[in-house]
Amino acid sequence: MSFNSFGRLFRFTTWGESHGPALGAVVDGCPPGIALSEEDIQPWLDKRRPGTSRFTTQRREPDQVRILSGVFEGRTTGTPISLMIENVDQRSKDYGNVALAYRPGHADYAYDAKYGFRDYRGGGRSSARETAARVAAGAVARVVIPEVRIRAWVESIGGDRIDYEAFDDAQIDANPFFCPDAAAAERWEAIVDGARKSGSSVGAVVACEATGVPAGWGAPLYAKLDSELASACMSINAVKGFEIGDGFAAAALTGEQNADPMRAGNGGPRFLANHAGGIAGGIATGQPVTMRVAFKPTSSILTPVDTITRTGEETQIATKGRHDPCVGIRGVPVVEAMVALVLADQALLHRGQCG
Ligand SMILES: Cc1cc2nc3c(=O)[nH]c(=O)nc-3n(C[C@H](O)[C@H](O)[C@H](O)COP(=O)(O)O)c2cc1C
């Protein structure tokens, strides 16, 4: 098993490496008859695109998507949708030292341990270039579930958190950090600039909310909506933590504090709180589905770190090349895409079992 596919009924497979000629996704199981064109996909790729500010990698990739199959006369046919994005700005010579020694925190050693051979150029398949294919597939998922709105933002960088009292949705797309708090975005300029200039990097927490998820999507036990979302988000490069609703903080609450009290509403319950993050028993309650995703700091840094070579000699590695000083920033559209992919799958599964 090589595990390049995700999903059950709405299933996608990604292919390609950082410095290969192209990468892409094949989306299988998309219902027929849905309007779909490159214009539905490109805006999401533009959000993830590298080189759009000094706070992300300076690799210049236009990330233009082409739909190669599965769409006829502007509508999905129900057959596999193949999406392709060309790589145009590879600079493989930057990776000479990565060929010889392992970057601690990156996948270099683990890939060698598993396969005994690796494409070290730009990290090969372990590079987050692969997440462009996820974002393209996620855009297809969005057209399958137009009733759902998925919105992610950066909640903290380097431990510096936004003030939720200052939350402004319009701010998220107005600064280079996907930050809903204008004052925090200003502080983060110094934090990320500082990390980059000193040859270091910082981590980030991305928060995501899906509204319009109908009560009933999801499943009990072994395919809980919580675990599907966790699996999807934990599969993103550099993600080291995931929470639904209050997550770990719920462990410090009492039962009555953690309850989401219910009152009678129009056509269903009205909840007075959402500690559960919109999921109970693995099934959506109709409340917003809320989650948090923790991204570690970028492991490719200019500061030398102790490591070993492929042949076992002790050395140090300082990683040159173009890297994101904070990978969580460009993680925002990737989180949104993975959430869309899970929810589209759940929509079809729910329809399949419950009509
Ligand atoms: C959008 C995005 C961009 C990334 N850019 C870089 C990068 O420039 N340099 C780097 O070392 N890691 C980067 N990463 C993280 C690596 O891909 C990741 O750490 C590596 O594949 C090892 O996997 P793991 O961290 O999940 O264990 C990025 C991750 C994401 C989500």
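Residues numbered from 1 in each chain as written. Predicted model: local features only at pLDDT ≥ 70, side-chain atom pairs only at ≥ 80, totals over all residues. Heavy atoms only, no water.

- By the naming in an unreviewed UniProt entry, the protein chain is Chorismate synthase, taken from Sphingomonas yabuuchiae.
- Taken directly from UniProt, the Subunit (unreviewed entry) text for the protein chain runs: "Homotetramer." (UniProt positions renumbered as here; feature names shortened; annotations may be inferred.)

### Observations regarding the UniProt feature "binding site: FMN" (unreviewed entry) in the protein chain
In step 1: Mapped onto the present numbering, the UniProt feature "binding site: FMN" (unreviewed entry) falls on Arg125, Ser126, Ser127, Asn237, Ala238, Gly281, Lys296, Pro297, Thr298, Ser299, Ser300 and Arg322. Annotated residues spanning 198 residues; largest pairwise C-alpha distance 43.9 Å, indicating distribution over more than one region.
In step 2: With respect to the helices, strands and loops of the structure, alanine 238 is situated in the loop between helix H6 (225-234) and strand S11 (239-244).
In step 3: Every residue in contact with alanine 238, bar those within four places of it in the chain, is listed here: Ala294, Phe295, Lys296 and Val327.
In step 4: Following the sequence through the fold, glycine 281 ends up in the loop between strand S14 (279-280) and strand S15 (283-284).
In step 5: Once residues lying within four places of it in the same chain are set aside, the contact partners of glycine 281 are Ala219, Pro220 and Lys224. (Helix = DSSP H or I, 4+ residues; strand = E, 2+ residues; numbered from the N terminus. Contact = heavy atoms within 4.5 Å.)

### A word on the environment of glutamate 189
In step 1: Relative to the elements of secondary structure, glutamate 189 occurs in helix H5 (residues 182-197).
In step 2: For glutamate 189, a relative accessible area of 34% gives the class partly exposed.
In step 3: In the structure, glutamate 189 is positioned 66 residues away from glycine 255 in sequence and 40 Å away in space, judged by C-alpha atoms.
In step 4: Setting aside chain neighbours within four positions, we find glutamate 189 in contact with Arg54, Phe55 and Phe177. (Buried < 20%, exposed > 50% of the residue type's maximum accessible area, 1.4 Å probe, protein only.)

### With respect to the packing of helix H1 (residues 38-48) against helix H4 (residues 130-144)
In step 1: Closest axis-to-axis distance for the H1/H4 pair is 9 Å, and the angle between their directions is 140°. It follows from the interaxial angle that H1 and H4 lie oblique. Seen from above, H1 lies across H4 with right-handed handedness. When H1 is examined against H4, the residues Asp40, Ile41, Trp44, Leu45 and Arg48 are found in contact with a partner set consisting of Thr131, Ala132, Val135, Ala136, Ala139, Val140, Arg142 and Val143.
In step 2: In terms of residue class, the contact of H1 with H4 is made up of nine nonpolar, one polar and three charged. (Axes fitted to C-alpha atoms, helices over the stretch in contact; angles between N-to-C directions. Parallel < 35°, antiparallel > 145°, perpendicular 65-115°, else oblique. Left-handed = near helix turned anticlockwise from the far one by under 90°. Nonpolar A, V, L, I, M, F, W, Y, C, P; charged D, E, K, R; others polar.)

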